[in-house]
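Each chain, written out:
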Amino acid sequence: MQIFVLPSYEGMSKKAADIVAAHIILNGKTVLGLATGSTPVGMYKQLVNKFKAGELDFSGVKSVNLDEYVGLAPSHKQSYRYFMQTNLFDHINIDKNNTYVPDGLGDIDNAGRYDDIIASLGGIDLQVLGIGHNGHIGFNEPSDSFAYGTHVVTLTESTISANSRFFDSRDEIPKLAVTMGIGSIMQAKQILLLASGFDKAEIIKEAFCGPITPRVPASVLQLHHNVILVGDEAALSKLVKK
Ligand code: PGA
């Protein structure tokens, strides 16, 4: 595992954007696995800046997002499709037909078809991940077992509370989501996990220094052979000795 400790959120975002940019420069047809949430927003800003500066061409890039709320239309301001459009896709030259986000209004009994899409693209070259305070990656919540493929999950109270800041009222927060499974994520050729803030320090320590357990879903990343952890000093403070 490679670990980059940056002094600030901005530094973390720049480093993460550099790693994504390197993939695109080396392979114009790269398949990016993308994440939503507060953590990668700065990275997306940096990628947009690089595109506007003429440093990046997204025309051949394909993307697959980790997850989506069940019941939210793509036009809903809290849907993850909307997040991706407004934070990245609307500002770069990616072909929208080559951007995939699980369908929040789709047939939830057949959520696993998303894995067929990923397979048809040839798999994910670089998967960007955030981490929840409970150790979730995508919306793979703590559980008794690792779920393999894309599936529907019931969100935990911890996740609903963490995400309530984005909704007007708690009642509006969807209780279900579609998420890539742990198997879908682990098949990515490289993983880029981002973490920012002292509130993530404990879970980062548990995930990378504790036992591998579905109770801490991110701990499975200890088994992946190509993980890059990019974080600010606060998030990595319990992991890295200065
Ligand atoms: P955050 O969410 O980036 O908003 O902290 C991370 C996650 O829940 O995966």
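Please refer to the structure placed before this passage.
**Student:** Help me understand the overall build of the protein chain, please; the structure alone is not making it clear to me.
**Tutor:** Of the regular secondary structure elements, the protein chain holds 7 helices and 10 strands. Over its C-alpha trace the protein chain gives a radius of gyration of 17 Å, about what one expects of a compact globule, namely 18 Å for 242 residues. Referenced to the eigenvectors of the C-alpha coordinate spread, the extents of the protein chain come out at roughly 45 × 40 × 35 Å. Classification of the 242 residues of the protein chain by burial places 55% in the buried group. Of the contacts formed within the protein chain by residues at least 6 apart in sequence, a portion of 79% connects residues at least 24 apart. Taking the 21 positively charged and 25 negatively charged side chains of the protein chain as two groups, their mean positions are separated by 6 Å.

**Student:** Quick question: what am I supposed to make of the packing of aromatic side chains here?
**Tutor:** The geometry of two aromatic rings is summed up by the distance between their centres and the angle between their planes. Applying the stated rule across the entire model yields 6 aromatic pairs. A ring pair is formed by Y69 and Y80, whose centres lie 4.9 Å apart and whose planes are at 40°; its orientation type is tilted. Residue Y69 is found in strand β4 (residues 67–69), and its partner Y80 is found in helix α3 (residues 80–87); the two are separated by 11 residues along the sequence. Each of the two residues, Y69 as well as Y80, counts as buried.

**Student:** Hey, could you run me through the packing of helix α2 (residues 41–52) against α3 in this one?
**Tutor:** The description of two helices packed together rests on the angle between their axes and the distance between the axes. Interhelical geometry of α2 versus α3 gives an angle of 40° and a closest axis separation of 10 Å. With respect to each other, α2 and α3 are oriented oblique. Here V41, Y44 and V48 of α2 come into contact with α3, specifically with F83, M84 and N87. Class assignment for the residues of the contact of α2 with α3 results in 5 nonpolar, 1 polar and no charged.

**Student:** Just to check I follow, could you spell out the nonpolar core for this structure?
**Tutor:** One recurring pattern in soluble globular proteins: nonpolar side chains tend to sit buried together. Counting 61 residues, the largest nonpolar core has V20, M43, L47, L88, L192, I204 and L221 as its most contacted members. It is helix α1 (residues 9–26) that provides the largest number of residues to this core, a total of 7 residues. Among residues more than four places away in sequence, those in contact with M43 are S13, A16, A17, V20, V128 and L194.

**Student:** I tried to follow the sheet that holds β4 on my own but got confused; where do I start?
**Tutor:** In a beta sheet, neighbouring strands pair by backbone hydrogen bonds and run either parallel or antiparallel. With respect to topology, 3 strands assemble into an open sheet ordered β4-β8-β7, the strand pairing being antiparallel. Each end of this open sheet is capped by a strand with a single partner; those strands are β4 and β7 (151–154). Across the sheet, the axes of successive neighbouring strands diverge by a mean angle of 25°, strand direction being ignored. Across 4 bridges, β7 lies against strand β8 (residues 176–179) in antiparallel orientation. Bridge pairing in β8 places T154 opposite L176.

**Student:** What am I meant to see in the pattern of salt bridges here?
**Tutor:** Counting across every chain of the model gives 7 salt bridges. Of the charged contacts in the structure, one is a salt bridge between R170 and E157, with a shortest N-O distance of 2.4 Å. Here the residue R170 occupies a position in the loop between α5 (157–163) and β8, and E157 occupies one in helix α5, the gap between them amounting to 13 residues. Residue classification places E157 among the exposed residues on the basis of a relative accessible area of 53%.

**Student:** Would you mind going over the environment of A22 with me for this structure?
**Tutor:** Within the fold, A22 resides in helix α1. It is 9.4 Å that separates the C-alpha atoms of A22 and L56, two residues lying 34 residues apart in sequence.

**Student:** Got a minute to help me understand the sheet that holds strand β10 (residues 227–232) in this structure?
**Tutor:** Strands sit in the order β1-β10-β9-β6-β2-β3-β5 across an open sheet of 7 strands; the sheet is parallel. This sheet does not close on itself; its edge strands, each paired only once, are β1 (2–6) and β5 (99–100). For strand β3 (residues 62–65) and β5, the ladder comprises 2 bridges, and the chain directions are parallel. Bridge assignment links S63 to a residue of β5, and that residue is T99.

**Student:** Looking at this structure, how should I read the packing of α1 against α2?
**Tutor:** Interaxial distance between α1 and α2 falls to 8 Å at its minimum, and their mutual angle equals 55°. If you check the angle between α1 and α2, you find them oblique. Of the two elements, α1 crosses α2, and the hand of that crossing is right-handed. Each of Y9, E10, S13, K14, A16, A17, D18, V20 and A21 in α1 lies in contact with α2, whose residues at this interface are V41, G42, M43, Q46, L47 and K50. Among the residues forming the contact of α1 with α2, the class breakdown is 8 nonpolar, 3 polar and 4 charged.

**Student:** Looking at this model, I keep getting lost on the site of the ligand. Mind explaining?
**Tutor:** The ligand sits among G37, S38, T39, G130, I131, G132, H136, R165 and K200. Between the ligand and the protein, one listed contact pairs an oxygen atom with a side-chain N or O atom of R165 at 3.1 Å. Its free accessible area being 280 Å², the ligand has 82% of it covered by the protein chains. Looking at the shell around the ligand residue by residue, the classes come out as 1 nonpolar, 6 polar and 2 charged.

Scoring rules and cut-offs
Residues numbered from 1 in each chain as written. Predicted model: local features only at pLDDT ≥ 70, side-chain atom pairs only at ≥ 80, totals over all residues. Heavy atoms only, no water. Helix = DSSP H or I, 4+ residues; strand = E, 2+ residues; numbered from the N terminus. Rg over C-alpha atoms; globule rule 2.2 N^0.38 Å. Buried < 20%, exposed > 50% of the residue type's maximum accessible area, 1.4 Å probe, protein only. Contact = heavy atoms within 4.5 Å. Lys, Arg positive; Asp, Glu negative; His and termini not counted. Charge placed at Lys NZ, Arg CZ, Asp CG, Glu CD. Phe/Tyr/Trp six-rings, centres within 6.5 Å; stacked < 30°, edge-to-face > 60°. Axes fitted to C-alpha atoms, helices over the stretch in contact; angles between N-to-C directions. Parallel < 35°, antiparallel > 145°, perpendicular 65-115°, else oblique. Nonpolar A, V, L, I, M, F, W, Y, C, P; charged D, E, K, R; others polar. Core = buried A, V, L, I, M, F, W, Y, C linked by side-chain atoms within 4.5 Å. Pairing = 2+ DSSP bridges. Salt bridge = Lys/Arg side-chain N within 4 Å of Asp/Glu carboxyl O. Left-handed = near helix turned anticlockwise from the far one by under 90°. Near = heavy atom within 4 Å. Polar contact = N/O pair within 3.5 Å; in protein donor to acceptor, adjacent residues only side chain to side chain. Areas by Shrake-Rupley, 256 points an atom, 1.4 Å probe, with all protein chains shown as cover.

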